[in-house]
Amino acid sequence: MASLRSPSSPTDGYKRFSDDFANTSINNYGSNVTNNRTGDGAGDGTLDMGSRSSLHTGIQMSEDEHWEMNYHEAAIYLEEGQNNEKFDSHPSSPEELPAYLRVHNPWYHGLDLLASLVLILLAFTEDPAVPAFELPVWAHGTIELLALTIIGIELHLKLKWIGWGTIFKHKRTMIKGVTLLIMVLEAVVVLCRQSSHFRVTRALRPIFLVDTRHCGGVRRFIRQILQSLPPIIDMLGLLMFFVATYSLLGFYLFSEHVDNGHFQTISDSFVSMFVLLTTANFPDVMMPSYAKSKWYALFFILYIITVLYVLMNLMLAVVYEAFTRIEREKCRALLLHRRGAAHRAFRLLVSRRAPRAVRLRHFAGLIRHYAPHYSGLDVYLMFKQLNKSGSGGLSRSEFSHVYDVFALRWAPQTTRAPWYSESPLEPLARAAAAAVRWDYFEYLIYAIIIGNGVSMILRVFEAAGDLQDSARLLCASWDTWLFLVLFLVEASLRMLASGLSSYLESGWNVFDLSVTLLALLGAVMLSIAPKLFIVVMFRPLRLMRLYKLKKRYRDVFGTLVLLSPLMSSAGCVMLVMYYFFAIVGMELFAGYDLRNCCVNTTVEDFYKYSENSSTPLGYYYLNNFENILTSGVSLFELTVVNNWFILMNAYAIVVGQFSRVYFMVFYLFTMVVLTIVVASVLEAFRFRIQYKRSTTKRDEEKLLHEEVHTSWEEAQRFGATGDLADELRGFLPPGMEMTFIGTRPRTKEVLQRRMYQSDIQKWLADEDDNDDLQPSTTTTSSDPLSPPLIQQPDSTNNNHQIRPGYQL
């Protein structure tokens, strides 16, 4: 598509619509558009023309082509609202559109994700490599350059439409560009030298993964961490002040105690008190001084109470308050951003004939570009659901709720009848439904589950010849098969009673069926391979259904469901942090061997090694950074903090005292991230409890289900014509009113709309006040389905300002 770009062309549909509408002397609305169609009863075809899209600036086209471009740009606005993308990266000319579409193509998203994952996995093949995956330098260097090239093409295409000058506003894009340039230069140097050098910048590779479209949740979690940092840094400053103060006092109190080597110098004292913050070396650090005088215990007790039980818990409270506020602000920002996207799309879908409403045909054109998988019936029902006023056109306030209807899945009310109606399985299914509805059916199932548990306990205590016989008795004996058959019968009855799709909508049903099939698979595999002991864990899982009996456990499991997206993002952030510190650790410590190190020190026994096992082994020498896998294990042991100072002290002795900084910084990073994870769990649990207390089952049913009554005649009045009318005719019999039920998933975003109802109204009211636009003067159109038309201002009133044809 070739065109000339006008430097002074407006940057969005609103400005173009305002300028063109104010210029009433133009007969052909939009000077760049050729219109060959006449308006409905208006005698002027320009009444059906809308705002000019920036995607066809300077292009001669018909009215149909004009609307198609408007639909396309409006769909792009909705996608930017859905993905929470800034509008300043919106394509503003035909030249920018191809690059924008390529980068936003799902296939390219997958390619970008693949290239980023390849870069991450290269750490397994580069020196120091995992022995099983080691590659020559030319191989992993070439793969790295290829992956960086793919990422570079994506970055180039992005800069092609946002412009080089805009990159400073996109900090993430700027950081990605600088990192990419550094890594390309380093990869070229490695290929030229045919050997790796000190490449600590490899730790920055996760930047490319986090920037992919599929890691949006990870970016949001990282953003929440960064937003939570100010109160955390304040509390860390206070915490470090007390650590330093107690370190100074400990030096003057205990430095003369020859038996206590933890306070010989100021630095030793600070390290000891920092480690004591994690309780890893308590009471070892206290006992030598405690032996001198029992009163010295008061120093350590007060320190633990101050920094651990007061300040650390206070930090959690501060982080929780900040996280809750940020969560609410995130909800507000996302709501207003999507509302802004809907308003921008609205401007491109209204016409001069109906300047304050979006008609059905334009709404259908938008959905054709935004979500082409929706059927014509889905489009019409979404339109009808949005059109609360019944005017036949969506006002701006009605169109603002467009994201709410995208999650709805529609079905005729007749399908809510039993699935087995008029089915060959109807007699059997009716009997199954009667059995499931039996008052004592649930009690019977719980009794069977308890019997399964009692049977397992008896098998555990039953004497067995060896481990194989014990495992077979536990998970492959006759009672195992009996209970598995009973559980399969229960699942079959529930499926027959409600239908497969309805059965799988329940998380408990999915869990029951999954663990039953796993236990069945485990029994079969244990019968074939008696040494496959890992399958013994499958049979006890069914006992978890008993936790459903207690409300507290139901709340816990419900919170876990709500937390699953957040926990997956938090897990990815932890893996990214592990990767970063693992790469840095390999670059710093990979060349050092800890076997038989630290002679004549307090940690000597932990690192003893003998090839013939003639002396007791310490095994701590296995905690090293010789490759990415062992580095990950070592970092996890540091995360647990039990005896983590032993590893830190060993590297401080072998490498140098400066190495302590690495381990302390890692602890602080993990403490911050884990504190925020705990705060997110607390916030989610509090949210669920408040939601359960304030919402009845009926309220939730109304929240998750929408009901639409319509008919073929009403669809015709709304303007259903052409292919849309042909498709609707099969679902809407003439002369009959149909009812459709729309169901939306039970996600936290949906539940937040219920919990933040009053806040949402206030946010929207404040946003409307900020718009500060005057209402338009209107008159009634001759078409009863058309929203009011703009009435031209009186020429004698020079102070009257012409406004765009819709109400803000």
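See the structure shown above.
What counts and what doesn't
Residues numbered from 1 in each chain as written. Predicted model: local features only at pLDDT ≥ 70, side-chain atom pairs only at ≥ 80, totals over all residues. Heavy atoms only, no water. Helix = DSSP H or I, 4+ residues; strand = E, 2+ residues; numbered from the N terminus. Buried < 20%, exposed > 50% of the residue type's maximum accessible area, 1.4 Å probe, protein only. Contact = heavy atoms within 4.5 Å. Areas by Shrake-Rupley, 256 points an atom, 1.4 Å probe, with all protein chains shown as cover. Pairing = 2+ DSSP bridges. Axes fitted to C-alpha atoms, helices over the stretch in contact; angles between N-to-C directions. Parallel < 35°, antiparallel > 145°, perpendicular 65-115°, else oblique. Nonpolar A, V, L, I, M, F, W, Y, C, P; charged D, E, K, R; others polar. 1 Å grid on protein atoms, 1.4 Å probe; cavity = no way out; pocket = protein on both sides within 12 Å on 5 of 7 lines; lining within 4 Å. Points joined across faces, edges and corners; volume = space filled by probe spheres on them. Phe/Tyr/Trp six-rings, centres within 6.5 Å; stacked < 30°, edge-to-face > 60°. Lys NZ or Arg CZ within 6 Å of the ring centre and 35° of its normal. Core = buried A, V, L, I, M, F, W, Y, C linked by side-chain atoms within 4.5 Å. Disulfide = S-S within 2.5 Å.

Chemist: Describe the overall build of the protein, naming the residues involved and giving the relevant values.
Modeler: Within the protein, the secondary structure is distributed over 30 helices and 5 strands. Here the protein holds 808 residues, and 48% of them are scored as buried. Long-range pairs, those at least 24 residues apart, make up 72% of the contacts in the protein with a sequence separation of at least 6. Within the structure as shown, the protein displays about 40200 Å² of accessible surface, and the carbon and sulfur contribution to it stands at 62%.

Chemist: I'd love a proper account of the pairing of strand β3 (residues 737–743), names of residues and values included.
Modeler: Taken across its 7 residues, β3 has 5 buried, putting it largely inside the fold. In this structure, strand β1 (residues 409–412) lies alongside β3, joined through 4 bridges in antiparallel fashion. Paired with P412 across the two strands is F740, which belongs to β3. Here 7 bridges tie strand β2 (residues 705–711) to β3, and the two strands are oriented antiparallel to one another. Among the inter-strand pairings, V708 is bridged to a residue of β3, identified as F740.

Chemist: Can you break down the packing of helix α2 (residues 63–82) against helix α11 (residues 297–349) residue by residue, with the values?
Modeler: Between α2 and α11, the least distance of the axes is 8 Å, while the angle of their chain directions is 180°. As far as their axial angle goes, α11 and α2 are roughly antiparallel. Packed against α2, whose contacting residues are W67, N70, Y71, E73, A74, Y77, L78, E80, G81 and Q82, the element α11 presents L334, H337, R338, A341, A342, R344, A345, L348 and L349 at the interface. For the contact of α2 with α11, the residue count by class is 11 nonpolar, 4 polar and 4 charged.

Chemist: Hey, could you go over the layout of surface pockets for me, with residue numbers and the actual values?
Modeler: Put simply, the second largest pocket is a space of about 1500 Å³. Along the walls of the second largest pocket sit 38 residues, with S502, E505, S506, G507 and R746 positioned nearest its centre. Listed by contribution, the elements that provide at least two residues to the lining of the second largest pocket are β1, α20 (500–504), α21 (507–528), α22 (551–589), α25 (660–694), α26 (697–704) and β3. The leading source of residues in the lining of the second largest pocket is α22, at 7 residues. Across the lining of the second largest pocket, the residue classes break down as 14 nonpolar, 10 polar and 14 charged.

Chemist: Just give me the short version of the packing of aromatic side chains, but keep the residues and values in it.
Modeler: Under the defined criterion, the tally for this structure stands at 43 aromatic pairs. Measuring from ring centre to ring centre gives 6.3 Å for Y440 and Y443, while their planes differ by 50°; the resulting arrangement is tilted. Pair check on accessibility: Y440 and Y443 agree, each one exposed. Centre to centre, the rings of F589 and F625 are 5.6 Å apart; their planes meet at 50°, and the pair counts as tilted. Of this pair, F589 sits in helix α22 while F625 is found in the loop between α22 and α23 (628–640), placing the two residues 36 residues apart along the sequence. These aromatic residues form a ring-pair network of at least three members: Y578, F580, F581, F589, F625, Y651, Y662, F663, F666 and F669. Above the ring of Y403, the side-chain terminus of R338 is found at 5.5 Å from the ring centroid. Its end group placed over the ring of Y609, R595 keeps NZ or CZ at 4.9 Å from the ring centre.

Chemist: Residues and numbers for unusual backbone geometry, please.
Modeler: Note the cis peptide between D127 and P128, where omega equals 0°. Tracing the backbone through its elements, the reader meets P128 in the loop between α4 (106–121) and α5 (137–162). In this structure, the amide linkage connecting F282 to the following residue, P283, adopts the cis form with an omega of 10°. Take P283: it is sitting in the loop between α9 (266–277) and α10 (287–292). With phi around 55°, N596 is a residue other than glycine that occupies positive phi space. Within the element layout of this structure, N596 appears in the loop between α22 and α23. A positive phi angle is found at C598, which is not glycine, with a value near 60°. Here C598 is to be found in the loop between α22 and α23. Using a relative accessible area of 5% as the deciding quantity, one classes C598 as buried.

Chemist: With reference to specific residues and values, describe empty space enclosed by the protein.
Modeler: Counting across every chain of the model gives 4 cavities of 30 Å³ or more. When its volume is computed, the largest cavity comes out at roughly 60 Å³. What lines the largest cavity is N452, T480, F483, L484, F487, V515, T516, A519, F538, R539 and R542. Elements represented by at least two residues in the lining of the largest cavity include exactly α19 (478–498) and α21. The biggest single contributor to the lining of the largest cavity is α19, with 4 residues. For the lining of the largest cavity, the residue count by class is 6 nonpolar, 3 polar and 2 charged.

Chemist: Explain the nonpolar core to me, and be specific about the residues and the numbers.
Modeler: Of all hydrophobic cores here, the largest spans 85 residues; its most connected members are Y303, Y607, L635, W644 and F663. Of all the secondary structure elements, the ones that give two or more residues to this core are α7 (206–210), α8 (216–254), α9, α11, α22, α23, α24 (644–654) and α25. Take this core: its biggest share by element is 14 residues, from α22. In this view, L635 contacts Y578, F581, A582, F625, Y662 and F666; residues no more than four positions away in its chain are not counted. Within the second largest apolar cluster, 49 residues are counted, among which are A364, Y370, V708 and F740.

Chemist: So what about the side chain of R542? Which residues, and what values?
Modeler: Locating R542 in the fold gives a position in the loop between α21 and α22. The exposure class of R542 is buried, given its relative accessible area of 3%. Not counting the four nearest positions on each side in its chain, R542 is found in contact with I445, I449, N452, F487, E490, D512, V515 and T516.

Chemist: Give a detailed account of the state of the cysteines, specifying residues and quantitative values.
Modeler: Applying the stated rule across the entire model yields 0 disulfides. Here C215 stays unpaired: no disulfide links it, and the sulfur of C572, its closest cysteine neighbor, is 6.1 Å away.

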